[in-house]
2 protein chains.
Amino acid sequence: MAGLGEAVEKMVQTRRPLADQTAVHDRVYEAIRQALITGRIAPGKGVSLRSLAAELGVSPMPVRDAVRRLVAERALAINPANKRLSVPSLTADRLEQLSLARLWVEPELAARAAANADASLVRQLRAIDADVDEALRLGDVDRYMTANHAFHFAIYERAGADVLLSMAGGLWLQVGPFMRVVFGRVGADGLVADRHAEAIEALETRDPEGARRAVAADLSEGMDKMRVAVDAAS
Amino acid sequence: MAGLGEAVEKMVQTRRPLADQTAVHDRVYEAIRQALITGRIAPGKGVSLRSLAAELGVSPMPVRDAVRRLVAERALAINPANKRLSVPSLTADRLEQLSLARLWVEPELAARAAANADASLVRQLRAIDADVDEALRLGDVDRYMTANHAFHFAIYERAGADVLLSMAGGLWLQVGPFMRVVFGRVGADGLVADRHAEAIEALETRDPEGARRAVAADLSEGMDKMRVAVDAAS
DNA sequence: AGCCTTGCATTGTGATCGCAATTGAGCCCC
DNA sequence: GGGGCTCAATTGCGATCACAATGCAAGGCT
């Protein structure tokens, strides 16, 4: 949570005098979203609107908006009795459902993206993948998570399927907190097997089924690691 | 939109003196959600927060909350330039993606529900299905949509898979507006083939694959009808 | 007569205030 | 010394206010 405040504060205070365009609640949302995807917020931890707002230097209102959006996306949970919000806890059951859903949506997106792939996308993906590898080499968890997310969604966005894309986005948001668990248990070098190269190749040759297989394999391995981590934690 | 106001107003004004429990924004959300599911709000139509709030007799604030939630669920769209919100327009592309997603999630939920089914569920489903049939017989569109929704989600809730359930809920919300198009084109008697009996039977015998097939068939037929309606409209 | 411009009404956004409910800690009593 | 209780602080929710931007429309200019 410490890192969150600083990150958002920087984003929030980036206030252009005119033509700001991005609303405050959007910046807040994006910041919390990033914090969740990269797993910087521990599950089970309770947060309050006002404290968050104070930490961010804004009024509680835009925080409310951002939080409500995240709750709708199930990235945050709200206790019906308390009305106090927290990060959803990590259960094996939840992970199983999320795995299943991701294994359906994301390969589908990859397959569609393969049909629309071009050289510039491949170039972009290679660059991101290099960043992923370097993050892995350095053991930089945050950087790895950010880069990995960027890699996958650079592909998915190319599918031109906004409904499925938003589903994938929502799923990542929910899976995010689990990821930190993996690193906490098996360490950063647990994710060495790199299916990214496979995926890039499939996209380069415009092979939908290859892309589907590569992404499915990538996801499977990652989710399996999370599974054992969660099982070990229980 | 006219019907919406009355419906919500009634819900909103149901204010118990103490221990109200359900927040205003929740009631507003549920009302708009119902209006969308049953297709009472026409796509492409723009709505404003203040007018909605005035129509509902509440301050714009809870409406903002409800709307933001619906936007997160993609049940409402917001113009990035205008920042003015409207119901997402019906495109063949969107429908195709929604169909695909529904055909994956909902049969899966039905299959899981079959494993947990019991006599009370079957009894409940028969009652709802009777309501569905009567609504069809009377040509009562709103009632049919409400009952049909109730039927499906009575099943899905039994799956005990909240992640998948919320996905199904979100998808249904997005498909809702399309439904009215079907009735506008083919009329209420377009949906006579009733797979519900099949589904009930599969649940009664605790046959997951049977339930999966029945629901998949039900969905397929419905989505096909929407497809031709949308194609005809374009 | 047609187009542009100016003015007003309306929009979404954010801040501040008030309210009721819950929490948490300190205190008193047993 | 431990447990129950009370009171203050904090919480989320909703309303109202203020503001900048946008949309719309009437009026003036060419």
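Residue positions are counted from 1 within each chain, in the order its sequence is given. Throughout, the order in which chains and ligands are written sets their labels, letters from A for the former and numbers from 1 for the latter. Local features in this predicted model are restricted to residues of pLDDT 70 or higher, and side-chain atom pairs are both shown and tallied only at a pLDDT of 80 or more, whereas totals for entire chains, interfaces and linings draw on every residue. The side-chain figures draw on all heavy atoms in the structure; neither hydrogens nor water molecules are used.

## Let's talk about the sheet that holds strand 1 (residues 46-47) of chain B
Residue and element names in this part refer to chain B. A sheet is described by the order of its strands in space; here three strands give the open sequence 1-3-2, paired in antiparallel fashion. Where the open sheet ends on each side, the last strands, each with one partner, are strand 1 and strand 2 (77-78). Sheet topology note: the strand 1/strand 3 (residues 85-86) ladder contains two bridges and is antiparallel. The partner of Val47 across the bridge, within strand 3, is Leu85. Two strands make a pair as long as DSSP finds a minimum of two bridges between them. For helices the rule is a DSSP run of H or I covering at least 4 residues; for strands it is a run of E covering at least 2, with both sets numbered from the N terminus onward.

## What about the relation of the copies chain B and chain A?
Take chain B, turn it by 180°, move it 0.0 Å along the axis, and it overlays chain A with an RMSD of 0.1 Å. Look at the turn and shift together and you get a two-fold axis relating the two. Within chain B, the C-alpha atom positioned nearest to the axis of rotation is that of Arg69 of chain B, 2.8 Å from it. Taken together, the interface assignments show that 100% of the residues at the interface of chain B recur at the interface of chain A, consistent with an identical surface on both copies. To superpose the copies, least squares is applied to the C-alpha atoms of every residue with a pLDDT of at least 70 in both. Throughout, a contact is declared for two residues whenever any of their heavy atoms are within 4.5 Å.

## Considerations on the protein's contact with DNA strand C
The criterion for a residue being near a molecule or strand is simple. One of its heavy atoms has to lie within 4 Å of it. By nearness alone, 20 residues border DNA strand C, and Val24, His25 and Ser59 of chain A together with Leu49 and Arg50 of chain B come closest of all. Sugar and phosphate atoms represent 60% of those atoms of DNA strand C found within 4 Å of the protein. Within 3.5 Å is the distance limit for a polar contact, defined as a pair of N or O atoms, with the added protein rule that one can donate a hydrogen and the other accept it, and that residues adjacent in sequence qualify only through two side-chain atoms. Here a phosphate oxygen of DNA strand C sits 3.0 Å away from a polar atom, N or O, in the side chain of Ser48 of chain B. The side chain of Arg68 of chain B places a nitrogen or oxygen atom 3.2 Å from a phosphate oxygen of DNA strand C. If you list the elements that add at least two residues to the surface near DNA strand C, you get helix 2 (24-37) and helix 4 (60-72) of chain A together with helix 3 (49-56) and helix 4 (60-72) of chain B. Its residues assigned to classes, the surface near DNA strand C shows nine nonpolar, four polar and seven charged. For this classification, Asp, Glu, Lys and Arg are treated as charged, while Ala, Val, Leu, Ile, Met, Phe, Trp, Tyr, Cys and Pro are nonpolar and the rest, including Gly, are polar.

## Concerning the protein's contact with DNA strand D
Taken together, 19 residues sit near DNA strand D, with Leu49 and Arg50 of chain A together with Val24, His25 and Ser59 of chain B positioned nearest. Each atom of DNA strand D within 4 Å of the protein was assigned to sugar, phosphate or base; sugar and phosphate come to 58%. One of the side-chain N or O atoms of Arg68 of chain A is found 3.3 Å from a phosphate oxygen in DNA strand D. Counting only elements with at least two residues in the surface near DNA strand D, the list comes to helix 3 (49-56) and helix 4 of chain A together with helix 2 (24-37) and helix 4 of chain B. Residue classes in the surface near DNA strand D are distributed as eight nonpolar, four polar and seven charged.

## What to know about the sheet that holds strand 2 (residues 77-78) of chain A
Ordered by their spatial adjacency, three strands build an open sheet running 1-3-2 (chain A), and the pairing between neighbours is antiparallel. The open sheet has two edge strands, strand 1 (46-47) and strand 2 of chain A, and neither has a second partner.

## Some details on the interface of chain B and chain A
Between chain B and chain A, the residue contacts involve 29 residues of the former and 31 residues of the latter. Once two parts are brought into contact, the accessible area they lose, counted with a 1.4 Å probe and summed over both, makes up the buried area. Summed over both sides, the interface between chain B and chain A buries roughly 2600 Å², with carbon and sulfur atoms accounting for 57% of that surface. Among the residues of chain B in contact with chain A, Arg68, Gln97 and Trp104 of chain B are the three that bury the most area, contributing 23% of the side total. By convention in these notes, a salt bridge is any Lys or Arg side-chain nitrogen within 4 Å of a carboxyl oxygen on Asp or Glu. At the junction of chain B and chain A, the tally comes to eight salt bridges. Salt-bridge contacts for Arg74 of chain A lead to Asp162 of chain B; the nearest nitrogen and oxygen are separated by 3.3 Å. The interface formed by chain B and chain A holds 18 residue pairs in polar contact (both at pLDDT 80 or more) in total. The leading source of residues in the side of chain B that touches chain A is helix 5 (residues 92-116) of chain B, at ten residues. Tallied by class, residues from the side of chain B that touches chain A come to eleven nonpolar, six polar and twelve charged.

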